[in-house]
Number of protein chains: 2
Amino acid sequence: MPKYLRVLSEYEQVNDDRISSSELGRRLGYTASQVRQDLNSFGGFGQQGYGYCVSDLKAEIDTILGKEKHFSAIVIGVGNIGRALIENSFFEENGFNIVAAFDVSPDYVGKEIDGVKIYDIATLNYIFAVKRVDVAALCVPYSAAKDVSERLVDMGIKAIWNFTNAEVCVHQPAVIVENVHFSDSLLTLSYRLGERQHSDMPQKQTSA
Amino acid sequence: MPKYLRVLSEYEQVNDDRISSSELGRRLGYTASQVRQDLNSFGGFGQQGYGYCVSDLKAEIDTILGKEKHFSAIVIGVGNIGRALIENSFFEENGFNIVAAFDVSPDYVGKEIDGVKIYDIATLNYIFAVKRVDVAALCVPYSAAKDVSERLVDMGIKAIWNFTNAEVCVHQPAVIVENVHFSDSLLTLSYRLGERQHSDMPQKQTSA
């Protein structure tokens with residue numbers, strides 16, 4: 001569904017408000033019938049011979065994905081990754097509000113990034129006392145990941161968007177964890193490259 | 001497999017060179033029998049009653065994942081994300097060498113990040129003329145993603161590690177694309193949060 005949303009937004013910028021399942025499929029790398037099947041399973045928005053109304057389809061997917069729920073988020077650690085999350089407006093674009101950022105470094109504490117104030121991580125509990133916090137983006141160094149995630153759970157965090165290379169909250173089924181493990185992604189790439197290289201090599205002939 | 005590797009590296013730092021399938025499972029959030037099944041499918045490294053030798057298991061997974069192949073990489077775009085990839089040593093730790101970085105901004109061109117030189121993206125073709133380049137980490141703005149990825153394909157890139165929110169090389173089956181779509185990940189989180197919230201709400205009673 002997020003992929004559909006992305007492709008539809010791309011399409012909308014340069015086209016009219018109508019898209020066929022085959023055009024949508026072409027952009028997604030799927031067949032037209034896969035697209036129809038996917039979208040039918042969400043209640044069938046299309047019309048035979050007309051295609052899909054892009055704005056209706058987007059609104060429907062937004063609702064399914066909870067984009068209108070306006071969850072609130074904090075960012076923990078404003079190194080390169082934390083900073084990228086704030087500056088690139090990922091949260092706002094996807095219906096989240098960033099209510100605060102935290103770091104340990106005196107170089108950052110007290111400053112702002114794009115209007116988001118950075119607080120000392122020692123004061124993390126204060127924000128939970130005064131605001132609803134649904135999600136924490138965890139962008140701290142590996143060595144701090146376990147400790148900070150445990151503190152977040154104690155304070156009642158509902159979900160962690162985990163950018164550290166650590167496994168967090170493995171035994172906390174009540175907390176939703178969505179991982180962005182860069183290393184796993186790179187190793188998957190490495191594996192696929194190795195496989196490709198292997199299949200490109202001339203095969204040894206076996207004598208019968 | 002990347003997940004196993006991560007958990008084994010964590011374990012190794014504070015424990016001995018031996019791990020049971022149940023301990024490994026506990027750390028992964030899997031059952032012991034799932035672990036045995038996973039590892040058996042790669043040739044069975046374990047020994048009944050002893051468990052697994054951590055260093056052997058890691059070496060075996062490294063080989064499977066191609067970590068010893070020393071693929072070479074370039075980073076395109078040294079904003080927050082590109083910079084994070086270079087500074088956090090993701091490439092080196094996973095057996096890749098970064099041979100160069102590229103950007104359009106005169107503020108960056110000619111400088112270095114952690115020993116990696118930043119070149120003008122207009123000179124992208126030069127690097128392909130003098131060095132083997134296997135992977136490009138694509139960290140450019142959304143608007144530049146299609147154009148840059150097409151240039152990379154023309155120059156013979158084998159794989160793209162795509163951090164942009166665009167779909168690239170959809171119709172280039174020869175190019176391996178590994179996507180890190182932050183927005184997709186956040187929308188998945190949003191969807192799971194919405195679902196959880198829904199199931200936590202008191203159910204309306206229906207009168208029979």
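Reading guide: rules and limits
Residues numbered from 1 in each chain as written. Chains lettered and ligands numbered in written order. Predicted model: local features only at pLDDT ≥ 70, side-chain atom pairs only at ≥ 80, totals over all residues. Heavy atoms only, no water. Helix = DSSP H or I, 4+ residues; strand = E, 2+ residues; numbered from the N terminus. Rg over C-alpha atoms; globule rule 2.2 N^0.38 Å. Contact = heavy atoms within 4.5 Å. Areas by Shrake-Rupley, 256 points an atom, 1.4 Å probe, with all protein chains shown as cover. Buried < 20%, exposed > 50% of the residue type's maximum accessible area, 1.4 Å probe, protein only. Polar contact = N/O pair within 3.5 Å; in protein donor to acceptor, adjacent residues only side chain to side chain. Pairing = 2+ DSSP bridges. Axes fitted to C-alpha atoms, helices over the stretch in contact; angles between N-to-C directions. Least-squares fit on C-alpha atoms with pLDDT ≥ 70 in both. Right-handed = clockwise from strand over helix to strand, strands pointing away. Salt bridge = Lys/Arg side-chain N within 4 Å of Asp/Glu carboxyl O. Nonpolar A, V, L, I, M, F, W, Y, C, P; charged D, E, K, R; others polar. pLDDT = per-residue confidence, 0-100. Parallel < 35°, antiparallel > 145°, perpendicular 65-115°, else oblique. Left-handed = near helix turned anticlockwise from the far one by under 90°.

1. Quick notes on the overall build of chain A
Okay, step 1: Looking only at helices and strands, chain A has 9 helices and 9 strands in total.
Okay, step 2: A compact globule built from 208 residues would reach a C-alpha radius of gyration of about 17 Å, whereas chain A, at 22 Å, exceeds it by more than 25%.
Okay, step 3: In terms of overall dimensions, chain A has a C-alpha envelope of 60 × 60 × 35 Å along the principal axes.
Okay, step 4: Relative to all contacts within chain A whose residues are 6 or more apart in sequence, the contacts with residues 24 or more apart total 54%.
Okay, step 5: Here chain A displays about 10,300 Å² of accessible surface, and carbon together with sulfur accounts for 47% of that area.

2. So, the side chain of A:Glu178
Okay, step 1: One can find A:Glu178 in strand β9 (residues 176-179).
Okay, step 2: According to the relative accessible area criterion, A:Glu178 is buried, its value standing at 14%.
Okay, step 3: A distance of 3.3 Å separates polar atoms of two side chains, one belonging to A:Glu178 and the other to B:Arg192.
Okay, step 4: Not counting chain neighbours up to four residues away, the residues in contact with A:Glu178 comprise A:Ile160, A:Trp161, A:Asn162, B:Ser185, B:Thr188, B:Leu189 and B:Arg192.

3. With respect to the sheet that holds strand β6 (residues 116-120) of chain A
All names here are of chain A.
Okay, step 1: Reading across the sheet, the 7 strands line up as β5-β6-β4-β3-β7-β8-β9 and stay open at both edges, with mixed pairing between neighbours. Only two strands of the sheet have a single partner each, and these edge strands are β5 (112-113) and β9.
Okay, step 2: Here strand β3 (residues 72-76) runs beside strand β7 (residues 135-138); their pairing, made up of 4 bridges, is parallel. Looking across to β7, one finds that Ile-74 is bridged to Ala-136.
Okay, step 3: In the packing of helix α8 (residues 142-154) onto the sheet, the strands contacted are β3, β7 and β8 (159-162), and the crossing angle to β7 comes to about 175°.

4. Observations concerning the relation of the copies chain A and chain B
Okay, step 1: Structural alignment of chain A on chain B gives an RMSD of 0.0 Å, achieved by rotating through 180° and translating 0.0 Å along the axis. Taken together, the rotation and translation describe the operation of a two-fold axis. Scanning chain A for the C-alpha nearest the rotation axis identifies A:Asn80, at a separation of 2.4 Å.
Okay, step 2: Taken together, the interface assignments show that 100% of the residues at the interface of chain A recur at the interface of chain B, consistent with an identical surface on both copies.

5. With respect to the environment of B:Ile118
Residue and element names in this part refer to chain B.
Okay, step 1: Summarising the element assignment, Ile-118 is placed in strand β6 (residues 116-120).
Okay, step 2: Ile-118 sits 93 residues away from Gly-25 along the chain, and the two C-alpha atoms are 43 Å apart.
Okay, step 3: Those residues in contact with Ile-118, other than ones at most four positions away along the chain, are Val-78, Ala-101, Phe-102, Asp-103, Tyr-108, Val-109, Gly-110, Lys-111, Glu-112 and Ile-113.

6. With respect to the pairing of β8(A)
All names here are of chain A.
Okay, step 1: Burial of β8 is two-sided: the residues Ala-159 and Trp-161 facing one way and the residues Ile-160 and Asn-162 facing the other way are all buried.
Okay, step 2: With 4 bridges connecting them, β7 and β8 associate as parallel partners. Paired with Val-135 across the strands is Ala-159, a residue of β8.
Okay, step 3: Following the backbone out of β7, through α8 and into the adjacent parallel β8, one traces a crossover that is right-handed.
Okay, step 4: Sheet analysis places β8 next to β9, joined by 4 bridges and oriented parallel. Within β9, the position partnered with Asn-162 by the bridge is Asn-179.

7. With respect to the pattern of salt bridges
Okay, step 1: Counted under the stated rule, the structure contains 21 salt bridges over all chains.
Okay, step 2: Notably, a salt bridge pairs A:Glu23 with A:Arg26, separated by 3.3 Å at the nearest N-O pair. Of this pair, A:Glu23 and A:Arg26 both sit in helix α2 (residues 21-28), 3 residues apart, which is roughly one turn of that helix.
Okay, step 3: Bridged by salt links that share partners, the residues A:Lys3, A:Arg6, B:Glu167 and B:Asp184 form one connected network.

8. Concerning the interface of chain A and chain B
Okay, step 1: Listed per partner, the contact involves 63 residues of chain A and 63 residues of chain B.
Okay, step 2: Scanning the region where chain A abuts chain B turns up 10 salt bridges.
Okay, step 3: As a salt-bridge pair, B:Lys3 and A:Glu167 come within 4.0 Å of each other at their nearest N and O atoms.
Okay, step 4: Counting every contact that joins chain A to chain B gives 24 residue pairs in polar contact (both at pLDDT 80 or more).
Okay, step 5: Broken down by element, the residue count for the side of chain A that touches chain B peaks at 15 residues, all from helix α9 (residues 182-200) of chain A.
Okay, step 6: Across the side of chain A that touches chain B, the residue classes tally to 33 nonpolar, 13 polar and 17 charged.

9. Re the confidence of the model for chain A
All names here are of chain A.
Okay, step 1: Mean pLDDT over chain A works out to 87, with 93% of the residues at or above the 70 mark.
Okay, step 2: Here residues 203-208 is modelled with pLDDT under 50, and outside its nearest four sequence neighbours on either side it reaches 1 contact, counting other chains as well.
Okay, step 3: For this predicted complex, the interface confidence score (ipTM) comes to 0.79, while the overall pTM stands at 0.80.

10. A word on the sheet that holds strand β9 (residues 176-179) of chain B
Residue and element names in this part refer to chain B.
Okay, step 1: If you walk across this open sheet you meet the 7 strands as β5-β6-β4-β3-β7-β8-β9, and the pairing is mixed. Because the sheet does not close on itself, it has two edges, and the strands there are β5 (112-113) and β9.
Okay, step 2: As paired strands, strand β4 (residues 97-103) and β6 are joined by 3 bridges and run parallel to one another. In the sheet register, Ala-101 faces β6, and the bridge partner there is Ile-118.
Okay, step 3: Each of β3 (72-76), β7 (135-138) and β8 (159-162) is contacted by helix α8 (residues 142-154), which is oriented at about 175° to β7, the strand it contacts most.

11. A short note on the packing of helix α1 (residues 2-14) of chain A against helix α4 (residues 54-64) of chain A
All names here are of chain A.
Okay, step 1: Running from amino to carboxyl end, α1 crosses α4 at an angle of 150°, the nearest separation of the two axes being 10 Å. If you check the angle between α1 and α4, you find them roughly antiparallel. In this structure, α1 crosses over α4, and the sense of that crossing is left-handed. For the pair α1 and α4, the contacting residues are Tyr-4, Leu-5, Leu-8, Ser-9, Tyr-11 and Glu-12 in the first and Val-54, Ser-55, Leu-57, Lys-58, Ile-61 and Asp-62 in the second.

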